[in-house]
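Each chain, letter by letter, is given below.
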Amino acid sequence: VAAERAAAALLTKVDAKRTAALSLKQSIEALKVLERALQACQRMGSEVEEATDHGDENSVADKLDGGVVPLLTEGCVLAWNLAQPLLQPHLRSHVHRILSTCVDALEDAGSPLQDLRAKLHFEVARCEMATDFLAKAAEHLNKARL
């Protein structure tokens, strides 16, 4: 009877760890999908800027009607929220690229979300420090202070 209880407790622990690992894997995959979407949105924003600069009448800019920047901003907020559980030292490498993408996207879009931008710069700096890129980390820390 005691052995059965011990086996059941062990199975419960194993199941909990498997569930946590699966949840972690799904979060990382969701961030990868979101990163690709943000990059596509950035490309659309670049096309809009180019079309506006060239004065094309039937351009992409007319069809999008300025919807790229709010979409980009919402995507970055979503990325920040999804990345929160992964901001641990042993998981930080999984979020480095998407946080860098968000930093660049918000900077290019001139986003007014200064608090989010500062947090993103700070976390990217921590990622850079973890990979021993101290000059890049210092640059992001300076941007986070502004």
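Above: the structure in question.
This write-up is about the structure you can find in this document.

1. Here we look at the nonpolar core
Part 1 of the reasoning: If you look at the biggest cluster of nonpolar residues, it comprises 24 residues, and the most contacted ones within it are L38, V95, I98, L99, C102 and L120.
Part 2 of the reasoning: Mapped onto this core, the elements with two or more residues apiece are helix 1 (2-54), helix 3 (68-83), helix 4 (96-109) and helix 5 (114-130).
Part 3 of the reasoning: If sequence neighbours within four positions are ignored, L99 has contacts with W80, A83, L87, L120, E123 and V124.

2. What to know about the packing of aromatic side chains
Part 1 of the reasoning: Under the defined criterion, the tally for this structure stands at zero aromatic pairs.
Part 2 of the reasoning: Stacked on the ring of F133, the Lys or Arg K136 has its end atom at 4.9 Å from the ring centre.

3. Some thoughts on unusual backbone geometry
Part 1 of the reasoning: Of note, the phi angle at D132 is positive, near 65°, even though the residue is not glycine.
Part 2 of the reasoning: Mapped onto the secondary structure, D132 falls in the loop between helix 5 and helix 6 (134-145).

4. What to know about the packing of helix 5 against helix 6
Part 1 of the reasoning: Where helix 5 meets helix 6, the closest approach of the two axes is 8 Å, and the angle between their N-to-C directions is 165°. Comparing their axes, helix 6 and helix 5 come out roughly antiparallel. Between helix 5 and helix 6 lies a crossing whose hand is left-handed. Across from A118, H121, F122, V124, A125, E128 and M129 in helix 5, the residues of helix 6 making contact are L134, K136, A137, H140, L141, K143 and A144.

Conventions we followed
Residues numbered from 1 in each chain as written. Predicted model: local features only at pLDDT ≥ 70, side-chain atom pairs only at ≥ 80, totals over all residues. Heavy atoms only, no water. Core = buried A, V, L, I, M, F, W, Y, C linked by side-chain atoms within 4.5 Å. Buried < 20%, exposed > 50% of the residue type's maximum accessible area, 1.4 Å probe, protein only. Helix = DSSP H or I, 4+ residues; strand = E, 2+ residues; numbered from the N terminus. Contact = heavy atoms within 4.5 Å. Phe/Tyr/Trp six-rings, centres within 6.5 Å; stacked < 30°, edge-to-face > 60°. Lys NZ or Arg CZ within 6 Å of the ring centre and 35° of its normal. Axes fitted to C-alpha atoms, helices over the stretch in contact; angles between N-to-C directions. Parallel < 35°, antiparallel > 145°, perpendicular 65-115°, else oblique. Left-handed = near helix turned anticlockwise from the far one by under 90°.

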